[in-house]
Structures are given as structure tokens and as C-alpha cells.
Amino acid sequence: MEQRTVAFCTLGCKVNQYETNAMMQDFIEAGYEIVEFEERADIYVVNTCTVTNMADKKSRQMLRRVKEINPDSVLVAVGCYVQVAKEKLEEMPEIDLILGVNEKSEIVEYVEATIFQRNELQMPKEEKERTEKYRQLVGVELEKNGTSILEKISNVAEQEEFVEFGPVTYTEKTRAVIKVQDGCNQFCSYCIIPYARGRIRSRRPEWVIKEITKIAEKGIKEVVLTGIHLASYGKDFNKNIVRDISDDIKYEVGEGEFLLIDLLEEIQKIEGIERIRLGSLEPTLITENFVKRLSKLSKICGQFHLSLQSGCNETLKRMNRKYTIEEFEKGVELLRKTYPEVHLTTDIIVGFSGETEEEFQKTYEFLKRIKFYKMHIFKYSPRSGTVAAKMPNQIDGNIKETRSNLLMELSDKNEVEYQKRYIGKKVEVLLEEREGEYLKGHTTNYMVVKVKTLKELENTIQKLSIIGVGDLELIGDR
């Protein structure tokens, strides 16, 4: 039988990217070939996102695009948008298979069951037996006419355990992204994600340690920990469980206390890993105790993404965020006192429901004072199914655009000012990719540096002198 091909399109966050890589590995192990999304493939998997209305639209666009490339392909819709918009997707006849967030780990079985349904009469006996085995394994009920859309979407609200893909690594150039947590209990008024991903579920620490140990053995020097709500890692663990971190170490988790900082302390011990980077963090995580313990870990990168969303307490309250700007600023002061060269980045939503000009000015002045290295600015878009979508006083699109532009200008100004401070200094850079006669990489605080060299130094950490500033990047010299 000719080897089947499968192509992927991934929308959204690093968690989705990690899970796509896991699905890719499952297909490879089952004998499939991975090809680019624009190529003609037998199977297309679109890993959808639903964080905004625009993400929903993009998910639908990519799904519709598939049959233009290959009308005979099997089209699989998976992920967050699927989880909250199954009814809309069922109205798209081009989709052959709909899988929810938790079914990604069984995607090969479901795809082969779909192929079995479509081609049952034409299949050779041995192929039929193989797919029949898969079909029975996952318990998929198939209609005899072979025209129904198969669906398997579990109720994520009832999910209590982390779905383990196994030791699979999503690698960005020379760093590996590790999913350690899923779900969210915050229920911010603008956010649909708790409904798409369910409640918090933490990955067993022994699985995280095993995966990162294998990554280190491959020569990868930097890991990035990610999750839907990373700060909540460990808060769902049952009381008094024993966690086997390695063959010779066991941890008694009394009162459920094995949290993110405990996990970081274990990762610090893994030989070969030189940098540990954290994904987006909830500001409430940044306490004196957390920062004190964190400061003792030499591999932690001095760059933190603290999701602020607004610099106005009234707006934060309507967003159902669980902190004030005073508490946020205290956390910033702690980090800057502990890490003098720390770079802080954040997310900001402009034009949120009821945001007056006075509230926006409070946000603007707060951001001027904090001076983030970089800010990701989002114009609020009402998300169907959320509390904020029903709030009064929705903001005009032109006002959102004006406010967004002001904050993006402030962000660019801050970034350039930060970069100019480094001229004449020496920094350590993990070189990642070649760009002509230059190699580019990142410092520990995630500044982009490029150096002119013909030597093959990818995936090495080099000490470089900064001699100038380019287009929002530093120019280094060996």
C-alpha cells in the first residue's frame, strides 16, 4: 500500500503547537508521511483556536481551504473552536471528522476508522482488518452508508485528569516547548477558553522530568514551560500522593503541595538544560516566596510575560481579573529587584466593554510608568458565550483603533530604548538560525541578536559584544 500523507495547520497558542507535534508523532509512528499544508495530502488536520472571534473566522477559513487543495482528502477539525462550536462545524459538509480537545491523543485511530467507513468495499483484506481493529479499539459507531460525519467531543467540564500524549517534544529551532498544564478556572468575563479547555489539570511531574531529560539528551539547551493557565500548575493534585520524579527520588505530596516552583526546582537539576523559560504567568503568582525560591535557580531566564490586560482597576474588575494594579506593580518591583536585567512583557486589551476615555488614560499612564519591554495589544472583540459580550456600552471600532495605535507606539518606543541600553555590553546568546551571512538568536531575557559569521554555531551559546541596534534587534560581534 502506498504511504499515506498528512498535513497540519495549527492556529493559536503554544499549547496547540505542542499538541500538533504530538499528533504528528502519532501519525509518523503509524507509518504516515508528514507534508506541508499547501501540498496535496491524503489527510488534513486543522488544529483550531477560539480565543477571539477572529480566531474562529480563521479556523473556518482554513477548514474551507482544504478541499480546494485536494477534494478527495479526509479533513479533520480538532481543538478549541471545535469544542465550543460543534453545531456550526456540522453545517460544513467538507469536514469528515470532528474531534474535541481530549480526543487529539487518539486521532490516528479515528482517522483510520473514517477511512474504513469511506472505503470499506474497496479495501484489501489486510487493510480492512487493520482499520477494523482501530475502529473497535476506540468504539466508533459508523453508519453503513459512509456519509456521516464522525464526531467525538468529550465534555471537558467533567475532565479531571491531564491527557498524556507521551514523551513528545514541540521544538522551536533550538528550544523545546513543554506542555505541563491544561484548563483554566479563572473565568475572566471576556474569555471562552475555560469552556473550551475545561478546569485545570496538571501533568504528573515525573512525566515532565522524563520528557525534559530526553530533550537534554538530544542536545537541546532551552525549554519553555507552557499551559493554558501555567500559574495554576499542581493546584489540582490530590492530597497525599507519591510522585516518582526519577528512579531514586520520590516526593510525598502532602496537602496537594507540589506547585510550579517545585517543578522548576526539579528541572533545574537536569544536566544539559541550560535555560528554563516560562510561558505567560498570572500576576498573582509573583509573590515574595515564589520570587525568593525562583532566584536560587540559575537556569531561569530573566524574561517574564505577565498578563495584565488593563492598567485600570475598574476595567480589571469588569474583566473579572483577580488582582489590582497596585498588586501587579508590587510583583513587577519584586522581579526587577531580583533580576536587574529582567525584561517584562504583557498583554493588553483595549476598548473593553465600558472602557471610558478616563479608564483608558489610567491604563496608558500605568503602562508608561511600568515600561514593559514589549506589549501585545488586542482590540476587544465580543466573544459569544461570554459574560462580557452581554455587557452594555460596547466601544466603537474607531476608538479601539486609536487606542490600540497609541499603545503600540508606546511599546515600540520602550523596546528601542531598552535595546539602546545594551550597546557596548556583552550578552550571552543562544544562536538559533541562519539568515544569510548572519546567525540570529536570543539572550536570556529574550532580546533578538544577530551576528555576522560564517561559522556553524547553531544551538550554541556565545558571548557577544553589542555594537548596534537594527530593526528592533541587536547587532552583535564576536
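No experiment lies behind these values; they were computed from the predicted model shown.

### Remarks on the confidence of the model for the protein
Caution is warranted with low-pLDDT regions, since their predicted coordinates should not be read in detail. Residues at a pLDDT of 70 or more form 84% of the protein, whose mean pLDDT is 86. The low-confidence segment residues 137-149 (pLDDT under 50) makes 23 contacts with residues lying over four places distant or belonging to another chain.

### Describing the pattern of salt bridges
One pass over the structure, following the stated rule, counts 34 salt bridges. Put simply, lysine 362 and glutamate 314 hold a salt bridge, and the shortest N to O gap is 3.2 Å. One end of the pair, lysine 362, is in helix H13 (residues 357-370); the other, glutamate 314, is in helix H11 (residues 313-319), with 48 residues separating them in the sequence. Among the salt bridges present, the one from glutamate 435 reaches lysine 440, with a minimum N-O distance of 3.6 Å. Residue class for lysine 440 comes out buried when judged on its relative accessible area of 15%.

### Let's talk about the state of the cysteines
Tallied over the full model, the rule gives zero disulfides. Just so you know, cysteine 188 is unpaired, no disulfide at all, and the nearest cysteine sulfur is the one on cysteine 191, 6.1 Å from it. Accessibility expressed as a relative area gives 11% for cysteine 188, which makes it buried.

### A closer look at the sheet that holds strand S15 (residues 343-350)
Spatially, S14-S15-S16 is the arrangement adopted by the three strands of the open sheet, whose pairing is parallel. One side of each edge strand has no neighbouring strand; the edge strands of this open sheet are strand S14 (303-305) and strand S16 (374-379). Between one strand axis and the next, the sheet turns by 15 degrees as a mean value, whatever way the strands run. Here S15 pairs with S16 via six bridges, running parallel. Within S16, the position partnered with isoleucine 348 by the bridge is isoleucine 377. The strands touched by helix H14 (residues 397-420) within the sheet are S15 and S16, with S16 carrying the most contacts at an inclination of about 170 degrees.

### With respect to the nonpolar core
Ranked by internal contacts, the top residues of the largest apolar core, which has 69 residues, are Leu225, Leu264, Ile267 and Phe304. Excluding its chain neighbours within four sequence positions, the residues that come into contact with isoleucine 267 are Val208, Ile209, Ile212, Val223, Leu225, Ile276 and Lys299. Among the nonpolar cores identified, the runner-up in size contains 23 residues, and Ala41, Leu75, Leu89 and Ile98 belong to it.

### Quick word on the packing of helix H8 (residues 205-217) against helix H9 (residues 260-268)
At a minimum axis separation of 10 Å, H8 and H9 run at an interaxial angle of 30 degrees. With respect to H9, the element H8 is oriented roughly parallel. Crossing of H8 against H9: the hand is right-handed. Contacts between H8 and H9 involve Pro205, Val208, Ile209 and Ile212 from the first element and Leu263, Glu266 and Ile267 from the second. Here the contact of H8 with H9 is built from residues that sort into six nonpolar, no polar and one charged.

### Side note on the environment of lysine 400
Residue position: lysine 400 is located in helix H14. Accessibility expressed as a relative area gives 10% for lysine 400, which makes it buried. Counting along the chain gives 51 residues from lysine 400 to isoleucine 349, while the straight-line C-alpha distance between them is 9.5 Å. Setting aside residues no more than four positions away along its own chain, lysine 400 makes contact with Val350, Gly351, Lys379, Tyr380, Pro382 and Ile395.

### With respect to the sheet that holds strand S18 (residues 438-443)
Taken in spatial order, the five strands line up as S17-S18-S19-S21-S20 and close into a barrel, and their pairing is mixed. With direction set aside, neighbouring strand axes in the sheet form an average angle of 55 degrees. Examined bridge by bridge, strand S20 (residues 461-469) and strand S21 (residues 474-477) share four bridges and lie antiparallel to one another. Across the sheet, residue valine 469 finds its bridge partner in S21, namely leucine 474.

### Comments concerning the side chain of arginine 321
Structurally, arginine 321 can be placed in the loop between H11 and helix H12 (325-338). With sequence-adjacent residues up to four places away left out, arginine 321 is seen in contact with Cys188, Tyr190, Glu282, Pro283, Ser307, Leu308, Gln309 and Leu316.

### Looking at the packing of aromatic side chains
Evaluation of the coordinates by the stated rule reveals 13 aromatic pairs. Seen from their ring centres, phenylalanine 27 and tyrosine 32 are 5.1 Å apart, and the 80 degrees between their planes marks the pair as edge-to-face. On the basis of relative accessibility, which here comes to 5%, the residue tyrosine 32 falls in the buried class. Ring centres of tyrosine 190 and phenylalanine 352 lie 6.2 Å apart, and the angle between their planes is 80 degrees; on these two criteria the pair is classed as edge-to-face. With tyrosine 190 in the loop between strand S8 (175-182) and helix H7 (193-197) and phenylalanine 352 in the loop between S15 and H13, this pair connects stretches of sequence that are 162 residues apart. For the residue pair tyrosine 190 and phenylalanine 352, the accessibility class agrees, reading buried in each case.

Procedures and definitions
- Every chain is numbered on its own, with residues counted from 1 as its sequence reads.
- Local features are withheld for residues below a pLDDT of 70 in this predicted model, meaning they are given only at 70 or higher, and side-chain atom pairs are given and counted only at 80 or more; totals for whole chains, interfaces and linings count all residues.
- The basis for every side-chain value is the complete set of non-hydrogen atoms in the structure, without hydrogens or water.
- The quantity called pLDDT is the predictor's confidence in a given residue, expressed from 0 to 100.
- What makes two residues a contact is simply this: any of their non-hydrogen atoms within 4.5 Å.
- Only one rule defines a salt bridge in this text: a Lys or Arg side-chain nitrogen within 4 Å of an Asp or Glu carboxyl oxygen.
- Here a helix means four or more residues in a row that DSSP labels H or I, a strand means two or more in a row labelled E, and each is numbered from the N terminus.
- Remark: exposure states derive from per-residue accessible area (1.4 Å probe, protein chains only) relative to the maximum for the residue type, with buried under 20%, exposed over 50%, and partly exposed in between.
- To count as a disulfide, a pair of cysteine sulfur atoms needs to be within 2.5 Å.
- We treat two strands as partners when DSSP finds at least two bridges between them.
- Every angle, taken between N-to-C directions, lies between 0 and 180 degrees, and every axis is a line fitted to C-alpha atoms, over only the stretch in contact when it is a helix.
- We call a set of buried residues a nonpolar core when its members are Ala, Val, Leu, Ile, Met, Phe, Trp, Tyr or Cys and they connect through side-chain atoms within 4.5 Å of each other.
- Comment on the angle field: the value is read as roughly parallel under 35 degrees, roughly antiparallel over 145, roughly perpendicular from 65 to 115, and oblique elsewhere.
- In a left-handed crossing the near helix is turned counterclockwise from the far helix by less than a right angle, and in a right-handed crossing that turn is clockwise.
- Here the term charged refers only to Asp, Glu, Lys and Arg, the term nonpolar to Ala, Val, Leu, Ile, Met, Phe, Trp, Tyr, Cys and Pro, and the term polar to all other amino acids, Gly among them.
- The pairing test for Phe, Tyr and Trp rings, Trp by its six-membered ring, is centres within 6.5 Å, and the orientation test on the planes gives stacked under 30 degrees, edge-to-face over 60, and tilted for anything in between.

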